[in-house]
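Descriptive analysis of the structure
The lines below spell out each chain.
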Amino acid sequence: MEVDWDKGTARLHRYADRPVTLRFNAAMDEDMHRLARQYVEVRGQGRFNKNDEWVSVQVEKIDKTSSWNEPFNIETFWNNPNPKVFDLERVVTASESFDVDEFIRIIHESRDIGREDSSEW
């Protein structure tokens, strides 16, 4: 929604969260136009603020998806060509104990590197 074609931006409205700024190049114009008022799945590179909230996403791919409030469709579920299956044998776990708070701090610090405009954060 709220697509600005001249600036190559749009606003993604997510349930009860604040809208996220989407940035896209001219190659994405057709997809953005077609999906401007649809429920979508967005893939790309994004930035978080210090509260772990999305600030903006550079759109690399956008696809139509179903609405979160549409009724569950068992036929769609059974016919999914790429189902997400939980496989206990493939679960990745930490091999050694670690400090979770320290891990999160390091993630936050790495996000601070190269911030372009600290006013958005």
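Look up: the structure comes first, before these words.
Below, the structure is looked at part by part. (Residues numbered from 1 in each chain as written. Predicted model: local features only at pLDDT ≥ 70, side-chain atom pairs only at ≥ 80, totals over all residues. Heavy atoms only, no water.)

Focus on the nonpolar core
Core analysis: the largest hydrophobic core is formed by 11 residues, namely A10, V20, L22, F24, M28, M32, L35, V40, V57, V59 and I62. Among the secondary structure elements, those contributing two or more residues to this core are β2 (20–23) and β4 (54–64). For this core, the leading source of residues is β4, giving three residues. Those residues within four positions of I62 in sequence are excluded, and the remaining contacts are M28, D31, M32, L35, V40, E41 and V42. (Core = buried A, V, L, I, M, F, W, Y, C linked by side-chain atoms within 4.5 Å. Buried < 20%, exposed > 50% of the residue type's maximum accessible area, 1.4 Å probe, protein only. Helix = DSSP H or I, 4+ residues; strand = E, 2+ residues; numbered from the N terminus. Contact = heavy atoms within 4.5 Å.)

Structural notes on the layout of surface pockets
A water-sized probe, rolled over the atoms, reveals where empty space remains. In this structure, the largest pocket encloses a volume near 770 Å³. Contributing to the lining of the largest pocket are 19 residues, with T65, S66, T76, F77 and N80 lying nearest its centre. For the lining of the largest pocket, the secondary-structure elements that each account for two or more residues are β3 (40–48) and α2 (74–78). Taken together, the residues of the lining of the largest pocket sort by class into seven nonpolar, seven polar and five charged. (1 Å grid on protein atoms, 1.4 Å probe; cavity = no way out; pocket = protein on both sides within 12 Å on 5 of 7 lines; lining within 4 Å. Points joined across faces, edges and corners; volume = space filled by probe spheres on them. Nonpolar A, V, L, I, M, F, W, Y, C, P; charged D, E, K, R; others polar.)

Some thoughts on the pairing of β3
As paired elements, β3 and β4 share nine bridges and run antiparallel to each other. Looking across to β4, one finds that V40 is bridged to K64. Counting the residues in the hairpin turn of β3 and β4 gives five residues, including D52, whose phi is positive at 60 degrees. (Pairing = 2+ DSSP bridges.)

Let's talk about the pattern of salt bridges
Counting across every chain of the model gives six salt bridges. As a salt-bridge pair, E102 and R105 come within 2.4 Å of each other at their nearest N and O atoms. One end of the pair is E102 and the other is R105, both in helix α3 (residues 100–112) and three residues apart, which spans about a single turn. Residue R105 is classed as partly exposed on the basis of its relative accessible area, which comes to 37%. (Salt bridge = Lys/Arg side-chain N within 4 Å of Asp/Glu carboxyl O.)

Some thoughts on unusual backbone geometry
The phi dihedral of D52 falls on the positive side, at around 60 degrees, and the residue is not glycine. Locating D52 in the fold gives a position in the loop between β3 and β4.

Section: a nonpolar patch on the surface
On the surface, F98, V100, F103, I104 and I107 cluster together into a nonpolar patch covering about 450 Å² of accessible area. Position of V100 among the secondary structure elements: in helix α3. Judged by its relative accessible area of 46%, V100 is partly exposed. (Patch = residues over 30% accessible without salt bridge, like charges linked within 9 Å, V, L, I, M, F, W, Y side chains within 5 Å. Areas by Shrake-Rupley, 256 points an atom, 1.4 Å probe, with all protein chains shown as cover.)

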